[in-house]
Amino acid sequence: MSFLSLQNASLRFGGIVALDDVSLEAEEGSIFGLIGPNGAGKTTAFNVITRLYRLDAGDVVFEGKSLLHAPPSRIVKLGIARTFQNVELFPTMTVLENVLVGAHTVSRFESERSVRAKAQKTLDYVGIGDVARRPAAGLPFGTLKRVELARALVSKPRLLLLDEPAGGLNHGEVDELATFIRTLRDDLKLTVLLVEHHMNLVMRVSDHVHVLNFGRTIASGPPAEIQRDPKVIEAYLGGELEEAS
Amino acid sequence: MKLVPIGVVVAVLVALPFLISGYHQGLATYVAIYFIAILGLNILTGYTGQISIGHGAFMAIGGYTTVLLSADQHWNLLATLPASLGISFVCGLIVGVPALRLSGVYLALATFALAVSVPQFPLKFSKFLGGSNGIHAAQTKSHLWLYVVGWSCSALAFAAAWLLLRGRIGRAFRAVRDSELAAVSSGVSLPIYKTLAFGVSAAFAGVAGSLLVLVTNGYAQPGEFGVLLSLEILIGAAVAGLGSLWGVIVGAVFIGLLPSVAPDVPLIGSAHGQDVVFGLIVVLIMLLLPNGFAGFLRRFEPRVKTTIKSDPKTS
Ligand SMILES: Nc1ncnc2c1ncn2[C@@H]1O[C@H](COP(=O)(O)OP(=O)(O)OP(=O)(O)O)[C@@H](O)[C@H]1O
Ligand SMILES: [Mg+2]
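Reading guide: rules and limits
Residues numbered from 1 in each chain as written. Chains lettered and ligands numbered in written order. Predicted model: local features only at pLDDT ≥ 70, side-chain atom pairs only at ≥ 80, totals over all residues. Heavy atoms only, no water. Donors = N, O, S within 2.8 Å, 3.2 Å for Na, K, Ca; no water. Helix = DSSP H or I, 4+ residues; strand = E, 2+ residues; numbered from the N terminus. Contact = heavy atoms within 4.5 Å. Salt bridge = Lys/Arg side-chain N within 4 Å of Asp/Glu carboxyl O. Polar contact = N/O pair within 3.5 Å; in protein donor to acceptor, adjacent residues only side chain to side chain. Axes fitted to C-alpha atoms, helices over the stretch in contact; angles between N-to-C directions. Left-handed = near helix turned anticlockwise from the far one by under 90°. Nonpolar A, V, L, I, M, F, W, Y, C, P; charged D, E, K, R; others polar. Buried < 20%, exposed > 50% of the residue type's maximum accessible area, 1.4 Å probe, protein only. Pairing = 2+ DSSP bridges. Right-handed = clockwise from strand over helix to strand, strands pointing away. Core = buried A, V, L, I, M, F, W, Y, C linked by side-chain atoms within 4.5 Å. Domains from an automatic or database assignment. Buried area = accessible area lost by both parts, 1.4 Å probe. Phe/Tyr/Trp six-rings, centres within 6.5 Å; stacked < 30°, edge-to-face > 60°. Lys NZ or Arg CZ within 6 Å of the ring centre and 35° of its normal. Expected span 1.5 Å × (residues − 1). Arc of directions from axis to C-beta.

Chemist: Please provide a residue-by-residue account of the coordination of the magnesium ion (ligand 2), values included.
Modeler: Thr 43 of chain A (OG1) and Gln 85 of chain A (OE1) make up the full set of protein donors to the magnesium ion (ligand 2), lying at 1.9 to 2.1 Å. Linking Thr 43 of chain A in helix H1 (residues 42-49) with Gln 85 of chain A in the loop between strand E6 (80-82) and helix H3 (95-102), this pair joins segments that are 42 residues apart in sequence.

Structure below.
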């Protein structure tokens, strides 16, 4: 039994088929790369797993149980946390408060003081402890992405969904991020689903890569195999993949 | 929490009744009533971002609860207050459920409908609710009693709001207002927190309604709880500034005292001019303080230092 699976998942928006009979399985403790050109359905897959979108057909199974009847606000409680491609923070709150909201499901019986300490520790862990008291609005994009990451981590997830975490980062920072994602996985015993356009990053950190194009699976396998797959190369018109190898 | 401003406010409120006439004690009680109602609306609109133009309806429910329990069941007036709180809370929850499907202007209109329709109930069921003449509580109370009870309730309401909003629940409310998407993804249930806010907010309004009835010689009448009352509470909340507990007292003083000060304004204020004055001042405040008094206070808060890197070429 796999940790997380999509089983024949299909979802359309009017005439657009965002997911077309997609099946995938992520092993516990793995870093699972989900790639594909723009509009391939990657974010849609995240939204389906977190119950923001409802599947037309198929199933999402997490630790042996279907998620399809869980309300979206229960997903975090079940152990799945995410970040957003375009950053969804609480703009009127401070960075620390943003993270405190992330601790909502794990702080019911905890004192305010110890939750705050925990949130601060999480911010330190992702390397932005010094901006804890700043308002979230107005910080650089790369910092906001880390606030989101801290907000997700503080809920103690077992499955972490990262939607383009390298957005807004320069080359050096992308390298750091690659190491950091692996450290995260090892430190916190996480399973990571990673959506990213930075091929270099995906191929370096992923144990398994799944490729979507126009909502369909076109390849799935270890990174080395995916990089050589003619269908994948065709979908990307060669460019990005060659750079990565 | 700043202890000094709280101490100052409490000291003033304790000293005040010894310094002013019974009439002015009555006015000060009105301020307390508006304070509770605005505080309640602030929890709903300021914290969770759900607008209500219908809080007069919840005040009516609270007011009639108190009078009915006093007149028919001979309850002690103080004992009616928790009952009024509970009933209004439940009514708030009931309204909050359909409100989940509405937002913005649509929610405003739906709650406005509530403000219009609830005061019609006493006319429809005049046998129980006294029709347009209203019903009368079994007792009336002195100005001083009303002042003490009104401001004690305000203090309790303030403490309750502070306890509720300072931690996990208050953050969940604000999360809902800031981004429903992020709130849900952080495990905050929108239906639960949105209806909870409606319930709490209505409970505050209900108690304010009970006190309003007591301060008007124990009479509950439909006219008391008209649309205008709902609008006053909303204006008070706007003057207070949304999402801050401190602005509320200014909003309450504004709504509570302006109508009695307005007629004294020379030229336009006299003879039916007080509403004009009121309107003008509201417009002026909205122009000058778009974020209410709370926003005004925030301007004086120490800013977080932002280090601006000086560019050697330009400096
Ligand atoms: N809520 C929605 N309503 C209508 N169409 C949608 C919606 N969400 C996604 N789509 C469509 O579904 C398709 C897949 O979108 P999705 O956001 O999943 O792509 P993606 O793989 O994340 O792309 P990108 O790399 O650009 O982020 C696109 O054609 C998109 O326009
Ligand atoms: Mg996307």
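Chemist: Break down the interface of chain B and chain A for me, with residues and values.
Modeler: Facing 22 residues of chain B, the contacting portion of chain A comprises 25 residues. Linking chain B with chain A are two salt bridges. Arg 171 of chain B serves as the salt-bridge partner of Glu 112 of chain A, at 2.8 Å between the closest nitrogen and oxygen. Put simply, chain B and chain A have seven residue pairs in polar contact (both at pLDDT 80 or more) between them. The set of elements that each furnish at least two residues to the side of chain B that touches chain A consists of helix H9 (168-178) and helix H10 (180-185) of chain B.

Chemist: Now, about the packing of helix H4 (residues 77-99) of chain B against helix H11 (residues 190-215) of chain B: what can you tell me, with residues and values included?
Modeler: Residue and element names in this part refer to chain B. Where H4 contacts H11, the axes come no closer than 6 Å and their chain directions differ by 140 degrees. Here the hand of the crossing between H4 and H11 comes out right-handed. Contacts between H4 and H11 pair Leu 77, Leu 81, Ser 84, Leu 85, Ser 88, Phe 89, Gly 92, Leu 93, Val 95, Gly 96, Val 97 and Ala 99 from the former with Thr 195, Leu 196, Phe 198, Gly 199, Val 200, Ala 202, Ala 203, Gly 206, Val 207, Ser 210, Leu 211 and Leu 214 from the latter. Per-class residue counts for the contact of H4 with H11 are 16 nonpolar, eight polar and no charged.

Chemist: Help me get a handle on the pairing of strand E7 (residues 159-163) of chain A, residues and values and all.
Modeler: The side chains of a regular strand alternate, first on one face of the sheet and then on the other. All names here are of chain A. Most of E7 sits out of view: five of its five residues are buried. Covered by surrounding structure in E7 are Leu 159, Leu 161 and Asp 163 together with Leu 160 and Leu 162, the residues of both alternating faces. Judged from the three bridges that link them, E6 and E7 form a sheet pairing that is parallel. From the neighbouring strand, Ala 81 faces E7, where its bridge partner is Leu 160. Sheet topology places E7 next to strand E8 (residues 191-195); five bridges connect them, and they run parallel. Within E8, the position partnered with Asp 163 by the bridge is Val 195. Between E7 and its parallel partner E8, the chain crosses via helix H6 (residues 171-188), and the hand of that crossover is right-handed.

Chemist: An account of the side chain of Glu 148 of chain A is requested, with residue identities and associated values reported.
Modeler: Residue and element names in this part refer to chain A. By the element assignment, Glu 148 lies in helix H5 (residues 141-153). Within polar-contact distance, the side chain of Glu 148 engages the backbone nitrogen of Glu 88 at 2.7 Å. Look past the residues within four positions of Glu 148 in its chain and what remains in contact with it is Thr 83, Phe 84, Val 87, Glu 88 and Leu 89.

Chemist: Outline the nonpolar core, supporting the account with residue identities and numerical values.
Modeler: Grouped together as the largest cluster of nonpolar side chains are 82 residues, with contacts concentrated most on Ile 36, Ile 38, Leu 39, Met 59, Phe 204, Leu 211 and Phe 225 of chain B. By residue number, the principal contributor to this core is H11 of chain B, which donates 15 residues. With near-sequence residues (within four places) excluded, Leu 211 of chain B lies in contact with Ile 33, Ile 36, Leu 81, Val 149, Gly 150 and Cys 153 of chain B. If you look at the next biggest cluster of nonpolar residues, it comprises 37 residues, including Val 87, Ala 152, Leu 190 and Val 192 of chain A.

Chemist: Which residues make up the domain arrangement of chain A, and what values do they have?
Modeler: Residues and elements named next belong to chain A. Looking at the assigned domains, one finds that chain A contains domain 1 (1-71 + 157-245) and domain 2 (80-156). Between the C-alpha centres of domain 1 and domain 2 the distance comes to 24 Å. Facing 26 residues of domain 1, the contacting portion of domain 2 comprises 16 residues. Summing both sides of the interface, domain 1 and domain 2 together bury roughly 1,700 Å²; the carbon and sulfur share of this comes to 62%. Together, Pro 157, Asp 163 and Phe 180 form the three largest contributors to the area buried by domain 1 at its contact with domain 2, with a combined 31%. On the surface where domain 1 and domain 2 come into contact, there are zero salt bridges. Where domain 1 touches domain 2, the interface holds eleven residue pairs in polar contact (both at pLDDT 80 or more). Residue assignment for the side of domain 1 that touches domain 2 shows that the elements contributing at least two residues are H1, E7 and H6.

Chemist: Help me get a handle on the packing of aromatic side chains, residues and values and all.
Modeler: If you walk through the whole model with that rule in mind, you get eight aromatic pairs over all chains. With a centroid separation of 5.7 Å and an interplanar angle of 50 degrees, the aromatic rings of Tyr 125 of chain A and Phe 180 of chain A are classed as tilted. Highlighted residues: Tyr 125 of chain A in helix H4 (residues 112-125) and Phe 180 of chain A in helix H6, separated in sequence by 55 residues. Using a relative accessible area of 30% as the deciding quantity, one classes Tyr 125 of chain A as partly exposed. Pairing Phe 121 of chain B with Phe 125 of chain B gives two aromatic rings, centres 5.9 Å apart and planes at 35 degrees, and the pair type is tilted. Judged by relative accessible area, which is 39%, Phe 125 of chain B ranks as partly exposed. Ring pairs connect the aromatic residues Phe 35, Trp 151 and Phe 158 of chain B, which therefore count as one cluster. Of note, Arg 82 of chain A hangs over the ring of Phe 84 of chain A, and the distance from its end group to the ring centre comes to 4.1 Å.

Chemist: An account of helix H14 (residues 274-288) of chain B is needed here, citing residue identities and associated values.
Modeler: All names here are of chain B. Over its 15 residues, H14 runs 21 Å from end to end, which matches the ideal 21 Å to within 8%, given 1.5 Å per residue. Every buried residue belonging to H14 is among Val 277, Phe 278, Val 282 and Ile 285, and all of these are buried. Across the axial projection of H14, the buried residues extend over an arc of 135 degrees, all falling on one side. The elements touched by buried residues of H14 are helix H12 (227-240) and helix H13 (247-261).

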